[in-house]
Amino acid sequence: MKGKFNIIMYGLILSCIIVVIFLFTGTKEEKKELSPTITFNGGAVVLKIGETKELKPVINNISNYTLSWNSSNPNVATVNNGIVNAVSSGNANITATIDNYNASATMIVIVNGIDPESIKLDKNELELYIDEESTLNYTLLPDNATNKEVTWEVSNDKVLSINQGYIKPLTVGEAYVIVKTNNGLKDSCKVTIRNREVDVTSINFDKDSYTVYVGDTLEIKATVSPDDATNKTLTWTSSDTSIAIVKDGIVTPKKKGNVTIFATDSKGKVKKSVNVNVNKRTVNVSPKEITIIGDSRMVGLCGYKWYKNEGGTCIAKSGMGYSWLTSTAIPTVNTLASSKKKNIVLNLGVNDLGHIDRYIEKYKELFSSTWKNYHIFLLSVNPTSGKRADMNTRIISFNSKLKSSLSSYKNVTYCDSYNYLKTHGFQSRDGVHYRESTSKDIYEFIKKCVYNYYNG
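What counts, and where the lines are drawn
Residues numbered from 1 in each chain as written. Predicted model: local features only at pLDDT ≥ 70, side-chain atom pairs only at ≥ 80, totals over all residues. Heavy atoms only, no water. Helix = DSSP H or I, 4+ residues; strand = E, 2+ residues; numbered from the N terminus. Rg over C-alpha atoms; globule rule 2.2 N^0.38 Å. Buried < 20%, exposed > 50% of the residue type's maximum accessible area, 1.4 Å probe, protein only. Contact = heavy atoms within 4.5 Å. Areas by Shrake-Rupley, 256 points an atom, 1.4 Å probe, with all protein chains shown as cover. Lys, Arg positive; Asp, Glu negative; His and termini not counted. Charge placed at Lys NZ, Arg CZ, Asp CG, Glu CD. Pairing = 2+ DSSP bridges. Expected span 1.5 Å × (residues − 1). pLDDT = per-residue confidence, 0-100. Disulfide = S-S within 2.5 Å. Salt bridge = Lys/Arg side-chain N within 4 Å of Asp/Glu carboxyl O. Phe/Tyr/Trp six-rings, centres within 6.5 Å; stacked < 30°, edge-to-face > 60°. Lys NZ or Arg CZ within 6 Å of the ring centre and 35° of its normal. Core = buried A, V, L, I, M, F, W, Y, C linked by side-chain atoms within 4.5 Å.

A. Seen up close, the overall build of the chain. For the chain, the count of helices and strands is eight helices and 32 strands. Radius of gyration (C-alpha) of the chain: 57 Å, far over the 23 Å computed for a compact globule of 456 residues. Projected onto its principal axes, the C-alpha positions of the chain cover 190 × 85 × 35 Å. Looking at the chain residue by residue over its 456 residues, the buried ones come to 37%. By sequence separation, contacts in the chain at least 24 residues apart represent 61% of the contacts at least 6 residues apart. As displayed, the chain offers around 26400 Å² of accessible surface, 48% of which is attributable to carbon and sulfur atoms. Positive and negative side-chain charges in the chain, numbering 55 and 44 respectively, have mean positions lying 13 Å apart.

Laid out in C-alpha coordinates, this is it:
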(Lines give C-alpha, C1' and ligand atoms only; values in the text may rest on other atoms or scores of the structure.)
Protein backbone atom coordinates (compact mmCIF):
# COMPACT_ATOMS: atom_id res chain seq x y z
CA MET A 1 0.00 0.00 0.00
CA LYS A 2 2.85 2.26 0.92
CA GLY A 3 4.53 1.46 -2.40
CA LYS A 4 1.46 2.43 -4.34
CA PHE A 5 1.32 5.75 -2.51
CA ASN A 6 4.94 6.49 -3.38
CA ILE A 7 4.32 5.83 -7.01
CA ILE A 8 1.48 8.32 -7.04
CA MET A 9 3.55 10.97 -5.27
CA TYR A 10 6.45 10.51 -7.70
CA GLY A 11 4.01 10.99 -10.60
CA LEU A 12 2.66 14.22 -9.17
CA ILE A 13 6.11 15.61 -8.55
CA LEU A 14 7.12 14.80 -12.13
CA SER A 15 4.03 16.52 -13.51
CA CYS A 16 4.78 19.67 -11.52
CA ILE A 17 8.35 19.72 -12.79
CA ILE A 18 7.06 19.47 -16.40
CA VAL A 19 4.58 22.32 -15.82
CA VAL A 20 7.25 24.55 -14.31
CA ILE A 21 9.59 23.87 -17.21
CA PHE A 22 6.75 24.71 -19.72
CA LEU A 23 5.83 27.86 -17.90
CA PHE A 24 9.42 29.03 -17.75
CA THR A 25 10.01 28.30 -21.42
CA GLY A 26 6.73 29.98 -22.54
CA THR A 27 7.42 33.16 -20.61
CA LYS A 28 10.70 33.62 -22.37
CA GLU A 29 8.92 33.36 -25.79
CA GLU A 30 6.37 36.14 -24.93
CA LYS A 31 9.02 38.53 -23.84
CA LYS A 32 10.66 38.38 -27.28
CA GLU A 33 10.02 41.85 -29.09
CA LEU A 34 8.36 42.01 -32.60
CA SER A 35 9.52 44.61 -35.25
CA PRO A 36 7.19 47.58 -36.00
CA THR A 37 5.34 47.46 -39.34
CA ILE A 38 3.68 50.24 -41.42
CA THR A 39 1.36 49.82 -44.40
CA PHE A 40 -1.18 51.81 -46.47
CA ASN A 41 -4.56 50.36 -47.27
CA GLY A 42 -6.06 50.69 -50.75
CA GLY A 43 -4.62 51.53 -54.13
CA ALA A 44 -3.24 54.77 -55.48
CA VAL A 45 -4.72 58.10 -54.42
CA VAL A 46 -6.12 60.20 -57.29
CA LEU A 47 -6.42 63.96 -56.76
CA LYS A 48 -7.10 67.03 -58.83
CA ILE A 49 -4.82 70.01 -58.67
CA GLY A 50 -5.57 72.00 -55.54
CA GLU A 51 -7.15 69.12 -53.68
CA THR A 52 -5.75 67.69 -50.38
CA LYS A 53 -6.03 64.35 -48.67
CA GLU A 54 -4.82 62.98 -45.36
CA LEU A 55 -2.98 59.66 -45.58
CA LYS A 56 -3.46 57.35 -42.57
CA PRO A 57 -1.03 54.41 -42.51
CA VAL A 58 -1.69 51.27 -40.48
CA ILE A 59 1.08 50.77 -37.82
CA ASN A 60 1.61 47.61 -35.80
CA ASN A 61 3.92 46.41 -32.99
CA ILE A 62 4.68 49.87 -31.63
CA SER A 63 2.71 52.37 -29.62
CA ASN A 64 4.99 55.34 -29.24
CA TYR A 65 6.48 56.56 -32.46
CA THR A 66 6.98 59.49 -34.81
CA LEU A 67 6.70 59.47 -38.58
CA SER A 68 8.72 61.15 -41.26
CA TRP A 69 7.00 61.98 -44.56
CA ASN A 70 8.57 62.41 -47.98
CA SER A 71 7.38 63.16 -51.54
CA SER A 72 9.34 61.84 -54.49
CA ASN A 73 8.13 64.79 -56.60
CA PRO A 74 7.19 67.91 -54.62
CA ASN A 75 6.38 69.68 -57.90
CA VAL A 76 3.45 67.28 -58.31
CA ALA A 77 2.45 66.70 -54.67
CA THR A 78 3.74 67.83 -51.28
CA VAL A 79 3.16 66.16 -47.92
CA ASN A 80 3.12 67.56 -44.37
CA ASN A 81 2.27 65.32 -41.41
CA GLY A 82 0.38 63.04 -43.74
CA ILE A 83 -1.59 65.82 -45.49
CA VAL A 84 -1.00 65.54 -49.23
CA ASN A 85 -1.48 68.68 -51.36
CA ALA A 86 -1.88 68.22 -55.14
CA VAL A 87 0.26 70.82 -56.91
CA SER A 88 0.40 69.93 -60.61
CA SER A 89 -0.38 67.13 -62.99
CA GLY A 90 1.73 64.00 -62.67
CA ASN A 91 2.64 61.19 -60.26
CA ALA A 92 4.47 61.24 -56.93
CA ASN A 93 5.36 58.59 -54.35
CA ILE A 94 4.49 59.60 -50.81
CA THR A 95 6.54 57.67 -48.21
CA ALA A 96 5.91 57.40 -44.47
CA THR A 97 8.80 56.15 -42.29
CA ILE A 98 8.75 55.22 -38.60
CA ASP A 99 11.61 57.16 -37.08
CA ASN A 100 14.49 55.06 -35.66
CA TYR A 101 13.11 51.94 -37.31
CA ASN A 102 13.69 50.42 -40.65
CA ALA A 103 9.98 50.48 -41.44
CA SER A 104 8.30 52.53 -44.19
CA ALA A 105 5.39 52.43 -46.61
CA THR A 106 4.75 54.20 -49.91
CA MET A 107 1.49 55.42 -51.52
CA ILE A 108 1.31 56.46 -55.15
CA VAL A 109 -0.45 59.80 -55.64
CA ILE A 110 -1.78 60.63 -59.10
CA VAL A 111 -2.61 64.30 -59.71
CA ASN A 112 -4.90 65.10 -62.64
CA GLY A 113 -5.43 68.53 -64.23
CA ILE A 114 -8.82 70.32 -64.07
CA ASP A 115 -10.61 69.94 -67.42
CA PRO A 116 -12.75 72.72 -68.84
CA GLU A 117 -16.50 72.26 -68.35
CA SER A 118 -17.65 74.76 -70.96
CA ILE A 119 -16.34 77.05 -73.66
CA LYS A 120 -18.36 79.94 -75.10
CA LEU A 121 -17.54 82.37 -77.91
CA ASP A 122 -18.50 86.01 -77.49
CA LYS A 123 -20.42 85.81 -80.79
CA ASN A 124 -22.29 83.06 -82.60
CA GLU A 125 -23.03 85.14 -85.70
CA LEU A 126 -20.79 87.74 -87.30
CA GLU A 127 -21.04 89.77 -90.50
CA LEU A 128 -17.94 91.37 -91.99
CA TYR A 129 -17.21 93.32 -95.13
CA ILE A 130 -14.51 91.91 -97.37
CA ASP A 131 -12.06 94.60 -96.22
CA GLU A 132 -12.91 94.24 -92.52
CA GLU A 133 -11.15 92.03 -89.95
CA SER A 134 -12.23 90.94 -86.50
CA THR A 135 -11.31 88.83 -83.49
CA LEU A 136 -13.38 86.21 -81.69
CA ASN A 137 -12.90 85.83 -77.95
CA TYR A 138 -13.95 82.92 -75.79
CA THR A 139 -14.72 82.22 -72.13
CA LEU A 140 -13.55 78.93 -70.66
CA LEU A 141 -14.99 77.65 -67.36
CA PRO A 142 -14.14 76.92 -64.65
CA ASP A 143 -11.57 79.64 -64.12
CA ASN A 144 -9.18 77.22 -62.40
CA ALA A 145 -9.15 74.76 -65.30
CA THR A 146 -5.58 73.66 -65.95
CA ASN A 147 -6.01 72.28 -69.44
CA LYS A 148 -6.78 75.57 -71.18
CA GLU A 149 -5.34 74.85 -74.59
CA VAL A 150 -7.75 75.32 -77.53
CA THR A 151 -7.61 74.78 -81.26
CA TRP A 152 -9.28 76.88 -83.97
CA GLU A 153 -10.84 75.54 -87.15
CA VAL A 154 -12.76 77.00 -90.11
CA SER A 155 -15.32 75.13 -92.20
CA ASN A 156 -14.30 76.84 -95.45
CA ASP A 157 -10.77 78.17 -95.61
CA LYS A 158 -11.46 79.78 -98.99
CA VAL A 159 -13.85 82.27 -97.36
CA LEU A 160 -11.70 83.28 -94.40
CA SER A 161 -8.64 82.38 -92.36
CA ILE A 162 -8.53 82.00 -88.58
CA ASN A 163 -5.47 82.38 -86.34
CA GLN A 164 -5.97 82.25 -82.57
CA GLY A 165 -9.39 83.81 -83.00
CA TYR A 166 -8.24 86.47 -85.47
CA ILE A 167 -10.45 86.44 -88.59
CA LYS A 168 -9.27 87.63 -91.97
CA PRO A 169 -11.85 87.63 -94.84
CA LEU A 170 -10.69 86.16 -98.14
CA THR A 171 -13.82 86.23 -100.33
CA VAL A 172 -17.59 86.78 -100.17
CA GLY A 173 -19.40 83.83 -98.62
CA GLU A 174 -20.16 82.03 -95.37
CA ALA A 175 -18.04 79.86 -93.09
CA TYR A 176 -18.14 78.57 -89.53
CA VAL A 177 -15.33 79.23 -87.08
CA ILE A 178 -15.00 76.50 -84.43
CA VAL A 179 -13.03 76.62 -81.18
CA LYS A 180 -12.30 73.31 -79.39
CA THR A 181 -10.83 72.26 -76.04
CA ASN A 182 -8.58 69.22 -75.64
CA ASN A 183 -11.38 67.36 -73.85
CA GLY A 184 -13.79 67.76 -76.79
CA LEU A 185 -15.85 70.82 -75.87
CA LYS A 186 -16.55 73.27 -78.68
CA ASP A 187 -18.49 76.34 -79.81
CA SER A 188 -18.95 77.90 -83.24
CA CYS A 189 -19.68 81.22 -84.93
CA LYS A 190 -21.29 81.67 -88.35
CA VAL A 191 -19.30 84.31 -90.23
CA THR A 192 -20.78 85.99 -93.33
CA ILE A 193 -18.47 87.95 -95.58
CA ARG A 194 -20.10 90.62 -97.78
CA ASN A 195 -18.97 93.23 -100.19
CA ARG A 196 -19.19 96.67 -98.68
CA GLU A 197 -22.61 98.17 -99.53
CA VAL A 198 -23.16 101.23 -101.67
CA ASP A 199 -26.42 102.92 -100.63
CA VAL A 200 -29.03 104.32 -103.01
CA THR A 201 -28.96 108.12 -102.94
CA SER A 202 -31.82 108.96 -105.34
CA ILE A 203 -34.67 107.48 -107.38
CA ASN A 204 -35.89 108.96 -110.66
CA PHE A 205 -38.87 108.19 -112.92
CA ASP A 206 -39.04 108.48 -116.71
CA LYS A 207 -41.95 110.97 -116.42
CA ASP A 208 -43.14 113.63 -114.00
CA SER A 209 -46.71 112.27 -114.03
CA TYR A 210 -48.72 109.54 -115.72
CA THR A 211 -52.19 108.89 -117.12
CA VAL A 212 -53.73 105.46 -117.49
CA TYR A 213 -57.17 104.14 -118.35
CA VAL A 214 -59.14 101.54 -116.44
CA GLY A 215 -58.57 98.23 -118.20
CA ASP A 216 -55.01 99.10 -119.20
CA THR A 217 -51.76 98.82 -117.24
CA LEU A 218 -48.95 101.30 -116.83
CA GLU A 219 -45.25 100.64 -116.35
CA ILE A 220 -43.37 103.27 -114.38
CA LYS A 221 -39.70 103.06 -115.29
CA ALA A 222 -37.42 103.94 -112.39
CA THR A 223 -33.65 104.34 -112.17
CA VAL A 224 -31.57 104.55 -109.02
CA SER A 225 -28.34 106.37 -108.35
CA PRO A 226 -25.48 105.69 -108.06
CA ASP A 227 -25.06 103.08 -110.77
CA ASP A 228 -22.99 100.85 -108.48
CA ALA A 229 -25.55 100.78 -105.67
CA THR A 230 -25.37 97.41 -103.96
CA ASN A 231 -29.12 96.78 -103.81
CA LYS A 232 -31.24 98.46 -106.45
CA THR A 233 -34.47 96.71 -105.45
CA LEU A 234 -37.41 99.07 -104.96
CA THR A 235 -40.58 98.62 -102.93
CA TRP A 236 -43.70 100.01 -104.64
CA THR A 237 -46.83 101.24 -102.87
CA SER A 238 -50.06 103.04 -103.78
CA SER A 239 -51.69 105.80 -101.77
CA ASP A 240 -55.14 104.38 -102.59
CA THR A 241 -55.42 100.75 -103.65
CA SER A 242 -59.10 101.21 -104.47
CA ILE A 243 -58.02 103.46 -107.37
CA ALA A 244 -54.86 101.61 -108.45
CA ILE A 245 -52.47 98.95 -107.22
CA VAL A 246 -48.79 98.66 -108.11
CA LYS A 247 -46.30 95.81 -108.18
CA ASP A 248 -42.72 96.04 -109.42
CA GLY A 249 -43.55 99.36 -111.08
CA ILE A 250 -46.59 97.99 -112.97
CA VAL A 251 -49.71 100.02 -112.15
CA THR A 252 -53.11 98.34 -112.51
CA PRO A 253 -55.96 100.88 -112.30
CA LYS A 254 -59.21 99.94 -110.58
CA LYS A 255 -61.39 103.01 -110.98
CA LYS A 256 -61.27 106.64 -112.01
CA GLY A 257 -59.34 108.97 -109.73
CA ASN A 258 -55.91 110.31 -108.79
CA VAL A 259 -53.39 108.22 -106.90
CA THR A 260 -49.81 108.69 -105.76
CA ILE A 261 -47.35 105.89 -106.46
CA PHE A 262 -44.28 105.57 -104.23
CA ALA A 263 -40.98 103.80 -104.84
CA THR A 264 -38.70 103.20 -101.84
CA ASP A 265 -35.19 101.77 -101.67
CA SER A 266 -34.46 98.50 -99.83
CA LYS A 267 -33.35 100.30 -96.67
CA GLY A 268 -36.36 102.62 -96.59
CA LYS A 269 -34.16 105.71 -96.62
CA VAL A 270 -34.86 107.08 -100.12
CA LYS A 271 -38.43 107.56 -101.40
CA LYS A 272 -39.80 108.95 -104.64
CA SER A 273 -43.45 109.67 -105.52
CA VAL A 274 -45.33 110.41 -108.70
CA ASN A 275 -48.97 111.23 -109.50
CA VAL A 276 -51.02 108.85 -111.65
CA ASN A 277 -54.32 110.02 -113.12
CA VAL A 278 -56.70 107.13 -113.73
CA ASN A 279 -59.43 107.72 -116.31
CA LYS A 280 -62.19 105.62 -117.77
CA ARG A 281 -62.46 105.38 -121.52
CA THR A 282 -65.67 106.96 -122.78
CA VAL A 283 -68.33 104.32 -123.28
CA ASN A 284 -71.28 105.41 -125.35
CA VAL A 285 -74.22 103.20 -124.45
CA SER A 286 -76.79 102.89 -127.21
CA PRO A 287 -80.46 103.34 -126.15
CA LYS A 288 -81.00 100.03 -127.92
CA GLU A 289 -79.00 98.42 -125.10
CA ILE A 290 -81.37 99.75 -122.41
CA THR A 291 -84.57 97.91 -121.47
CA ILE A 292 -87.07 99.71 -119.21
CA ILE A 293 -89.55 97.87 -116.99
CA GLY A 294 -92.31 99.94 -115.42
CA ASP A 295 -95.96 100.71 -114.71
CA SER A 296 -98.33 103.34 -116.19
CA ARG A 297 -95.76 106.11 -115.71
CA MET A 298 -93.40 104.29 -118.09
CA VAL A 299 -96.27 103.45 -120.43
CA GLY A 300 -96.68 107.18 -120.97
CA LEU A 301 -92.92 107.77 -121.40
CA CYS A 302 -92.44 104.90 -123.83
CA GLY A 303 -95.37 106.02 -125.98
CA TYR A 304 -93.78 109.28 -127.10
CA LYS A 305 -92.35 109.43 -130.59
CA TRP A 306 -88.94 110.64 -129.46
CA TYR A 307 -88.53 107.57 -127.27
CA LYS A 308 -89.60 105.22 -130.04
CA ASN A 309 -87.02 106.85 -132.32
CA GLU A 310 -84.34 105.92 -129.73
CA GLY A 311 -84.99 102.24 -130.42
CA GLY A 312 -85.02 101.13 -126.81
CA THR A 313 -87.13 98.35 -125.33
CA CYS A 314 -89.98 99.17 -122.96
CA ILE A 315 -91.90 96.55 -120.99
CA ALA A 316 -94.65 98.41 -119.12
CA LYS A 317 -98.36 98.18 -118.26
CA SER A 318 -100.68 100.53 -116.40
CA GLY A 319 -101.63 99.75 -112.82
CA MET A 320 -99.14 96.89 -112.52
CA GLY A 321 -96.81 95.91 -109.64
CA TYR A 322 -95.11 92.87 -108.05
CA SER A 323 -97.42 90.16 -109.39
CA TRP A 324 -97.15 91.42 -112.98
CA LEU A 325 -93.35 91.65 -112.56
CA THR A 326 -93.07 87.97 -111.74
CA SER A 327 -95.75 86.65 -114.09
CA THR A 328 -95.07 88.76 -117.17
CA ALA A 329 -92.17 91.24 -117.08
CA ILE A 330 -89.40 88.88 -116.00
CA PRO A 331 -90.31 86.10 -118.47
CA THR A 332 -90.54 88.72 -121.24
CA VAL A 333 -87.06 90.10 -120.43
CA ASN A 334 -85.62 86.59 -120.39
CA THR A 335 -86.67 86.08 -124.01
CA LEU A 336 -84.86 89.23 -125.21
CA ALA A 337 -81.53 89.21 -127.01
CA SER A 338 -78.52 89.58 -124.69
CA SER A 339 -77.74 93.09 -126.02
CA LYS A 340 -81.17 94.31 -124.90
CA LYS A 341 -80.70 92.75 -121.46
CA LYS A 342 -77.29 94.35 -121.00
CA ASN A 343 -78.79 97.28 -119.06
CA ILE A 344 -82.13 96.75 -117.30
CA VAL A 345 -83.97 99.68 -115.70
CA LEU A 346 -86.50 98.73 -113.01
CA ASN A 347 -89.19 101.24 -111.98
CA LEU A 348 -92.03 99.56 -110.13
CA GLY A 349 -93.68 99.99 -106.74
CA VAL A 350 -95.92 103.05 -106.84
CA ASN A 351 -99.00 100.83 -107.17
CA ASP A 352 -98.06 98.48 -104.29
CA LEU A 353 -95.75 100.34 -101.93
CA GLY A 354 -96.52 97.87 -99.15
CA HIS A 355 -94.85 95.04 -101.03
CA ILE A 356 -91.28 96.33 -100.64
CA ASP A 357 -90.06 93.15 -98.91
CA ARG A 358 -91.41 90.97 -101.71
CA TYR A 359 -89.70 93.17 -104.30
CA ILE A 360 -86.38 92.98 -102.44
CA GLU A 361 -86.55 89.20 -102.06
CA LYS A 362 -87.29 88.74 -105.77
CA TYR A 363 -84.65 91.22 -106.88
CA LYS A 364 -81.97 89.49 -104.77
CA GLU A 365 -82.85 86.20 -106.45
CA LEU A 366 -82.66 87.73 -109.92
CA PHE A 367 -79.47 89.74 -109.37
CA SER A 368 -77.53 86.77 -108.04
CA SER A 369 -78.73 84.20 -110.56
CA THR A 370 -80.78 84.79 -113.73
CA TRP A 371 -79.63 88.40 -114.23
CA LYS A 372 -76.21 88.21 -112.58
CA ASN A 373 -74.42 88.93 -115.90
CA TYR A 374 -76.49 92.10 -116.63
CA HIS A 375 -76.29 95.48 -114.98
CA ILE A 376 -79.41 96.59 -113.14
CA PHE A 377 -80.35 100.23 -112.66
CA LEU A 378 -82.88 100.63 -109.84
CA LEU A 379 -84.87 103.77 -110.63
CA SER A 380 -86.48 105.16 -107.51
CA VAL A 381 -90.25 105.50 -107.29
CA ASN A 382 -90.80 109.12 -108.37
CA PRO A 383 -92.69 111.79 -106.36
CA THR A 384 -96.36 112.64 -106.54
CA SER A 385 -98.04 116.00 -106.22
CA GLY A 386 -101.37 117.73 -105.61
CA LYS A 387 -104.03 115.56 -104.01
CA ARG A 388 -101.73 112.57 -104.31
CA ALA A 389 -98.79 114.20 -102.50
CA ASP A 390 -99.69 112.26 -99.33
CA MET A 391 -98.07 109.21 -100.97
CA ASN A 392 -94.56 110.72 -100.81
CA THR A 393 -93.88 109.66 -97.22
CA ARG A 394 -94.48 106.02 -98.16
CA ILE A 395 -92.52 106.49 -101.41
CA ILE A 396 -89.51 107.80 -99.48
CA SER A 397 -89.65 104.78 -97.14
CA PHE A 398 -89.93 102.40 -100.11
CA ASN A 399 -86.97 104.00 -101.88
CA SER A 400 -84.79 104.01 -98.74
CA LYS A 401 -85.26 100.31 -98.11
CA LEU A 402 -84.82 99.49 -101.78
CA LYS A 403 -81.47 101.29 -101.91
CA SER A 404 -80.07 100.02 -98.61
CA SER A 405 -81.00 96.41 -99.33
CA LEU A 406 -79.67 96.14 -102.89
CA SER A 407 -76.94 98.71 -103.53
CA SER A 408 -74.25 96.32 -102.23
CA TYR A 409 -74.65 94.12 -105.31
CA LYS A 410 -71.84 94.78 -107.78
CA ASN A 411 -74.23 94.58 -110.73
CA VAL A 412 -76.69 97.09 -109.26
CA THR A 413 -76.73 100.90 -109.47
CA TYR A 414 -79.35 102.96 -107.64
CA CYS A 415 -80.60 105.95 -109.69
CA ASP A 416 -82.24 108.53 -107.41
CA SER A 417 -84.69 110.20 -109.81
CA TYR A 418 -86.99 111.06 -106.86
CA ASN A 419 -84.59 113.68 -105.47
CA TYR A 420 -83.65 114.77 -108.98
CA LEU A 421 -87.28 115.63 -109.74
CA LYS A 422 -87.83 117.21 -106.33
CA THR A 423 -84.82 119.48 -106.95
CA HIS A 424 -85.44 120.34 -110.61
CA GLY A 425 -89.23 120.30 -110.48
CA PHE A 426 -91.77 118.20 -112.37
CA GLN A 427 -95.18 118.53 -114.00
CA SER A 428 -98.02 116.09 -113.49
CA ARG A 429 -101.45 115.74 -115.09
CA ASP A 430 -103.12 114.15 -112.07
CA GLY A 431 -100.43 114.16 -109.36
CA VAL A 432 -99.09 110.74 -110.43
CA HIS A 433 -98.70 110.68 -114.23
CA TYR A 434 -96.22 113.12 -115.73
CA ARG A 435 -96.48 115.45 -118.65
CA GLU A 436 -94.26 114.89 -121.68
CA SER A 437 -91.58 117.38 -120.63
CA THR A 438 -91.10 115.63 -117.27
CA SER A 439 -91.14 112.20 -118.93
CA LYS A 440 -88.36 113.40 -121.20
CA ASP A 441 -86.38 114.66 -118.17
CA ILE A 442 -86.78 111.25 -116.54
CA TYR A 443 -85.54 109.47 -119.66
CA GLU A 444 -82.52 111.74 -119.96
CA PHE A 445 -81.82 111.11 -116.28
CA ILE A 446 -81.90 107.35 -116.93
CA LYS A 447 -79.42 107.66 -119.81
CA LYS A 448 -77.14 109.84 -117.69
CA CYS A 449 -77.20 107.30 -114.83
CA VAL A 450 -76.23 104.54 -117.28
CA TYR A 451 -73.50 106.70 -118.85
CA ASN A 452 -72.01 107.64 -115.48
CA TYR A 453 -71.81 104.03 -114.45
CA TYR A 454 -69.66 103.18 -117.47
CA ASN A 455 -67.62 106.36 -117.53
CA GLY A 456 -67.37 107.26 -113.85
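B. Expanded view of the pairing of strand β29 (residues 313-316). Side chains Thr313 and Ile315 of β29 all project onto a buried face; the interleaved residues Cys314 and Ala316 project onto a face where none is buried. Pairing of strand β28 (residues 290-294) with β29, which is carried by four bridges, proceeds in the parallel orientation. When the sheet's bridge partners are listed, Ile293 is paired in β29 with Ile315.

C. Looking closely at helix α6 (residues 392-406). Over its 15 residues, α6 extends 21 Å from the first C-alpha to the last, a length consistent with the 21 Å expected when each residue adds 1.5 Å. In the core, the buried residues of α6 are packed alongside α5 (356-368), β31 (375-379), β32 (412-415) and α7 (417-424).

D. View of the confidence of the model for the chain. The share of residues in the chain with pLDDT of 70 or more is 93%, and the mean pLDDT across the chain is 91. Segment residues 4-9: pLDDT under 50, and zero contacts once partners within four positions in sequence are set aside and those in other chains are kept. Here residues 15-31 scores under 50 on pLDDT; set against residues more than four positions off or in separate chains, the count is zero contacts.

E. Molecular detail of the state of the cysteines. In total, this model carries two disulfides according to the counting rule given. Shown here is the disulfide that connects Cys302 with Cys314, its sulfur atoms set 1.9 Å apart. Its torsion about the S-S bond being 80 degrees, the disulfide of Cys302 and Cys314 is classed as right-handed. Residue Cys302 is located in helix α2 (residues 296-302), and its partner Cys314 is located in strand β29; the two are separated by twelve residues in the primary sequence. With a relative accessible area of 10%, Cys302 lands in the buried category. Numbered in order of appearance, the disulfide-bonded cysteines of the chain are paired 1-2, 3-4.

F. A look at the sheet that holds strand β24 (residues 244-247). Strand order in the open sheet made by the three strands is β21-β25-β24, with antiparallel pairing throughout. Each edge of the open sheet is held by one strand with a lone partner, namely β21 (218-219) and β24.

G. Looking closely at the pattern of salt bridges. Taken as a whole, this structure holds twelve salt bridges when the rule is applied. In this structure, the salt-bridge partner of Lys123 is Asp122, at a minimum N-O distance of 3.5 Å. Among the residues examined, Asp122 registers a relative accessible area of 42% and is labelled partly exposed. Notably, a salt bridge pairs Glu153 with Lys180, separated by 3.3 Å at the nearest N-O pair. Taken together, the residues Glu153 in strand β14 (residues 150-154) and Lys180 in strand β17 (residues 173-181) connect sequence positions 27 residues apart. For Glu153, a relative accessible area of 34% gives the class partly exposed.

H. View of the sheet that holds strand β16 (residues 166-169). In spatial order, the strands read β12-β16-β15; together these three strands make up an open sheet with antiparallel pairing. Bordering the open sheet on either side are β12 (134-135) and β15 (160-163), each of which pairs with just one other strand.

I. How the structure looks around the packing of aromatic side chains. Going through the model one piece at a time under the given rule, you end up with 15 aromatic pairs. Connected via pairs of aromatic rings, a cluster forms that spans Tyr322, Tyr359, Tyr363, Phe367, Phe398 and Tyr409. Sitting over the face of the ring of Phe262, Lys271 holds its NZ or CZ atom 4.9 Å from the ring centroid. Seen from the ring of Tyr453, Lys280 lies directly overhead, with NZ or CZ sitting 5.9 Å from the centre.

J. Molecular detail of the nonpolar core. Of all hydrophobic cores here, the largest spans 33 residues; its most connected members are Ile293, Leu325, Leu346, Tyr363, Phe367, Trp371 and Leu378. Excluding anything up to four places from it in sequence, Tyr363 contacts Leu325, Leu346, Leu348, Leu378, Leu402 and Leu406.

K. The arrangement of the side chain of Thr438 in detail. Structurally, Thr438 can be placed in helix α8 (residues 436-455). Take Thr438: its relative accessible area is 2%, and that puts it in the buried class. Dropping the residues within four chain positions of it, Thr438 is found in contact with Leu421, Phe426 and Gln427.

L. Main features of α5. The terminal C-alpha atoms of α5 lie 18 Å apart, and with 13 residues this matches the ideal 18 Å at 1.5 Å per residue to within 8%. Listed as buried for α5 are Ile356, Tyr359, Ile360, Lys362, Tyr363, Leu366 and Phe367. Those residues of α5 that are buried are in contact with α4 (322-334), β30 (343-347), β31, α6 and β32.

M. Fine view of the environment of Ser408. Here Ser408 is to be found in the loop between α6 and β32. The sequence separation of Ser408 and Thr384 amounts to 24 residues, and the corresponding C-alpha distance is 28 Å.

N. Local environment of the pairing of strand β9 (residues 103-112). Alternating residues of β9 divide into Ala103, Ala105, Met107, Val109 and Val111, all buried, and Ser104, Thr106, Ile108, Ile110 and Asn112, none buried. Pairing geometry for strand β2 (residues 45-48) and β9, over four bridges, is parallel. Its bridge partner lying in β9, Val46 is registered against Ile110. Note that strand β8 (residues 90-98) and β9 share nine bridges and pair antiparallel.

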